[in-house]
Amino acid sequence: MSHTLGVRQAQKQKTRRALLDAALELLEEQSLSSLGLREVTRAVGVAPTAFYRHFRSIEDLGVALVEEALGSLHPMIRTIVSTTGDGEERIARAVELIAGHVDAHPAHVRFIARERHGGVQVVRAAIRDQLALFAVEVGEALAEDPVSAGWGEEDLVMLAQLYVDQMLGTASLFLEAPGSGAGARERERVFRMAVRRMRLIGIGRAHWLDGGVGGGG
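Summarised in this report is the structure supplied together with it. Note that this is a predicted model, so its numbers are computed, not measured. (Residues numbered from 1 in each chain as written. Predicted model: local features only at pLDDT ≥ 70, side-chain atom pairs only at ≥ 80, totals over all residues. Heavy atoms only, no water.)

### With respect to the overall build of the protein chain
Within the protein chain one finds 9 helices and 0 strands. Going from the N terminus to the C terminus, the protein chain shows its helices and strands as α-α-α-α-α-α-α-α-α. Within the protein chain, the proportion of its 217 residues that are buried is 43%. The contacts in the protein chain between residues at least 6 apart in sequence include a share of 66% that link residues at least 24 apart. For the protein chain, the accessible area works out to roughly 11800 Å², and carbon and sulfur atoms hold 53% of it. (Helix = DSSP H or I, 4+ residues; strand = E, 2+ residues; numbered from the N terminus. Buried < 20%, exposed > 50% of the residue type's maximum accessible area, 1.4 Å probe, protein only. Contact = heavy atoms within 4.5 Å. Areas by Shrake-Rupley, 256 points an atom, 1.4 Å probe, with all protein chains shown as cover.)

### A short note on the pattern of salt bridges
Enumeration over the complete set of coordinates arrives at 11 salt bridges. In this structure, R192 and E188 form a salt bridge, with 3.9 Å as the shortest nitrogen-oxygen distance. Of this pair, R192 and E188 both sit in helix α9 (residues 183–206), separated by 4 residues, roughly a single helical turn. If you follow the salt bridges from partner to partner, you end up with R17, D21 and E68 in one network. (Salt bridge = Lys/Arg side-chain N within 4 Å of Asp/Glu carboxyl O.)

### Describing the environment of M76
Here M76 shows up in helix α4 (residues 58–83). Each C-alpha atom of the pair M76 and G100 lies 9.5 Å from the other, and the pair is 24 residues apart in sequence. Sequence-distant contacts of M76, defined by excluding residues within four places in its chain, comprise L97, I98 and H101.

### Some thoughts on the packing of helix α6 (residues 106–115) against helix α7 (residues 121–143)
Running from N to C, α6 and α7 point in directions that differ by 110 degrees, and their axes come no closer than 10 Å. Overall, the two elements α6 and α7 adopt an arrangement that is roughly perpendicular. Residues F111, I112 and E115 of α6 form the contact with α7, whose participating residues are V123, R124 and I127. When the residues that make up the contact of α6 with α7 are grouped by side-chain class, the tally is 4 nonpolar, no polar and 2 charged. (Axes fitted to C-alpha atoms, helices over the stretch in contact; angles between N-to-C directions. Parallel < 35°, antiparallel > 145°, perpendicular 65-115°, else oblique. Nonpolar A, V, L, I, M, F, W, Y, C, P; charged D, E, K, R; others polar.)

### A look at the nonpolar core
In terms of nonpolar packing, the biggest core is built from 61 residues, with L65, I77, I80, F111 and V123 touching the most fellow members. Among the secondary structure elements, those contributing two or more residues to this core are α1 (2–26), α2 (37–44), α4, α5 (88–104), α6, α7, α8 (153–175) and α9. Among the elements that make up this core, the one with the highest residue count is α4 (12 residues). Sequence-distant contacts of I77, defined by excluding residues within four places in its chain, comprise F134, V138, V164 and M167. (Core = buried A, V, L, I, M, F, W, Y, C linked by side-chain atoms within 4.5 Å.)

### Remarks on the packing of aromatic side chains
Going through the model one piece at a time under the given rule, you end up with 3 aromatic pairs. Ring centres 5.7 Å apart and planes at 85 degrees place the aromatic pair F51 and Y52 in the edge-to-face group. Looking at F51, the relative accessible area reads 0%, which means it is buried. Measuring from ring centre to ring centre gives 5.6 Å for F51 and F55, while their planes differ by 45 degrees; the resulting arrangement is tilted. F55 matches F51 in its accessibility class, with the two residues each being buried. By the ring-pair criterion, three or more aromatic residues cluster together here, those being F51, Y52 and F55. (Phe/Tyr/Trp six-rings, centres within 6.5 Å; stacked < 30°, edge-to-face > 60°.)

That is the geometry; function is a separate question.
Right, here's the structure in full:
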């Protein structure tokens, strides 16, 4: 009996994975608000009724994709936060990590970039809530850096949001700038601009408490 249950569970997970993958592929060319349930199940080769064994609705599937997509971003952004500093090499390395993540997970990055301000309210809210929680986590990591000595919690979260927003924005720009052919020049421009913006955040961070400018926590 346990073997049978194990096989059924494995098949269930396989079908769920197939539905997520099919939806993500279909969303390369359209928004979630235009994606139909039958379109997804047809791509997988299962009956529409099978969809409801895994998700309550297309919106529910979209929330699952948010969790998956942002889950893939977490390790990358944590690495960048620990890497980022005033040194040019460290900043360039951070931007390289963003570009590498886009190359490895283009569909996930495109999904978040599109749906963050898309037409499905529950998915927008899921992205917003996930990023807000993530900003708190990043702020806690930044608090351990000596550069953040004397910063209040509110300012640390604000700084974390700046980093997260900058990384997401840079990732979206890299999506439209392939690393070869005609896009190579645009990719280099995106890279240079991202380095300058990260440097600007770093300079602001280093001088935030000068003359009582910051310290709003």
